[in-house]
Amino acid sequence: MIHNLITPSLTAFILIAGATATSNAVANENKIQANDFVEIFVKLGGKHPGYRKAHAKGLCASGTFLPAPNKHFQGSALLSNGELPVSMRFSLGGSNPTSDEKAPGTRGMGMQIELPNGSLHTFTGNNFPVFAGKDPETFHGFLSTLLPDENGKSDSAKTIAFIQKHPSVQANAMWNQTAKTPASYANTEFFGIHTFYFEQSNGHKTKFRWNIKPSLGVKTMEKAEAANKPTEFLADTFAQQLKNETVRFTIMASLGEAEDSDIDPSQQWPSERPQVALGTVTVTTSGGGACKNTNFDPNIMSAGFMPSADPVLKIRSQAYAISFGKRLSGQ
């Protein structure tokens, strides 16, 4: 979402800042509201009535979810009802519905699984493993430094100063500096970044974060290769892959330890945490507008699952609802 808004000249500074910034840096004390994010996305990407305020450009898809029951999620309705239908949406970051697909950076995925009783379970993730800020105030403060002035120019010095004072932004900023152009949505790994819990009938809680691995492997393009692509190629590439190959994604759950933060999405859990599969999604169709009016809110979950106290996760529901309402009313 913020790729290309951070200039390459920031790279060296971010590396230095990561070593020198103090750990007690604090975010803006003024509480940020969900509508503040909706408004700042419009300021950064322009007004596009009827489209999502973030991840405006996307591709609908559908398929089936085959669960993989395991002891950590025992009794889960999501994993106990056999094969289930899935609605999906893949997207580019940003609020511009005509974004150049050759550009590197953020790719998103929303997935909604429907259970037999009509309840839904949603997975919403991006291709970056950490969020740009430990809380809404930090993230909004960072985005604010990217806003252009009255002459249409942004001041990189403001962004540099903010990154220096707020270490929780640095890992995501560095990811943006090195991110390449994904070759296809089908060759992209997605991360939930937030922490969730599953509570069994005996009261035992499993703490986890999820990520989705593509069966066709992760593939990206160097700048020269991407430059030879048309402005729009992702939909055609995905459709061609569906014709020639089996496109699947495996939903993995990383099991957290007590010391792993459940409220800070800017912190990545240790890679040695055990992982278990929740199931496999097989994509069968792509294209069309079936997902246009779907609200992929990550806080919509099936029985037994619950969100953590992560303030970024909480405010996403509110921001999604506002954006959804504006979209439906053509705003």
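For the structure, check the block above.
All of the points below concern the structure found in this document. This one's a predicted model, so the numbers in the text were calculated from it and none came from an experiment.

Throughout the structure, instances matching the rule amount to six salt bridges. For Glu222, the salt bridge identified is with Lys180, shortest N-O distance 2.6 Å. Taken together, the residues span a long stretch of sequence, with Glu222 in the loop between strand S9 (220–221) and helix H6 (223–227) and Lys180 in the loop between helix H5 (170–178) and strand S5 (181–182) at a distance of 42 residues. A residue is classified by how much of its surface remains accessible, and Lys180, at 37% relative accessible area, is partly exposed.

All right, on to unusual backbone geometry then. In the Ramachandran plot, His55 falls in the positive-phi region, its phi being about 55 degrees despite a non-glycine side chain. Structurally, His55 is set in the loop between helix H2 (34–45) and strand S1 (58–67). Notably, Ile193 is not glycine yet its phi reads approximately 60 degrees, a positive angle. Along the chain, Ile193 turns up in the loop between strand S6 (190–191) and strand S7 (196–199).

A few words on the nonpolar core. Counting residues in each nonpolar core, the largest one holds 43 residues, and the members touching the most others are Phe65, Phe73, Met88, Phe90, Met111, Phe208 and Phe238. Those elements that provide at least two residues to this core are S1, strand S2 (84–92), strand S3 (107–114), S7, strand S8 (205–214), helix H7 (234–244), strand S10 (248–255) and strand S11 (275–286). Sorting elements by how many residues they give to this core places S2 first, with five residues. The next biggest cluster of nonpolar side chains, apart from the first, holds 23 residues, and it includes Ala132, Leu143, Phe162 and Ile315.

With seven of its nine residues buried, H5 lies for the most part within the structure. All of the buried residues along H5 are Gln170, Asn172, Ala173, Met174, Trp175, Asn176 and Gln177.

Two elements in contact, H2 and helix H8 (residues 311–328), have axes whose closest approach is 8 Å; the angle formed by their N-to-C orientations is 55 degrees. It follows that H2 is oblique to H8 by the angle criterion. For the element pair H2 and H8, the recorded crossing hand is right-handed. Where H2 approaches H8, its residues Ala34, Asn35, Phe37 and Val38 are matched on the opposing element by Ile315, Gln318, Ala319, Ile322, Ser323 and Lys326. Taken together, the residues of the contact of H2 with H8 break down into six nonpolar, three polar and one charged.

As a further point, take the environment of Pro311. Note on placement: Pro311 falls in helix H8. Remark: the alpha-carbon pair of Pro311 and Pro265, spanning 46 residues in sequence, is separated by 9.3 Å. Those residues in contact with Pro311, other than ones at most four positions away along the chain, are Lys134, Asp135, Pro136 and Ile263.

Calculation rules
Residues numbered from 1 in each chain as written. Predicted model: local features only at pLDDT ≥ 70, side-chain atom pairs only at ≥ 80, totals over all residues. Heavy atoms only, no water. Salt bridge = Lys/Arg side-chain N within 4 Å of Asp/Glu carboxyl O. Helix = DSSP H or I, 4+ residues; strand = E, 2+ residues; numbered from the N terminus. Buried < 20%, exposed > 50% of the residue type's maximum accessible area, 1.4 Å probe, protein only. Core = buried A, V, L, I, M, F, W, Y, C linked by side-chain atoms within 4.5 Å. Axes fitted to C-alpha atoms, helices over the stretch in contact; angles between N-to-C directions. Parallel < 35°, antiparallel > 145°, perpendicular 65-115°, else oblique. Left-handed = near helix turned anticlockwise from the far one by under 90°. Contact = heavy atoms within 4.5 Å. Nonpolar A, V, L, I, M, F, W, Y, C, P; charged D, E, K, R; others polar.

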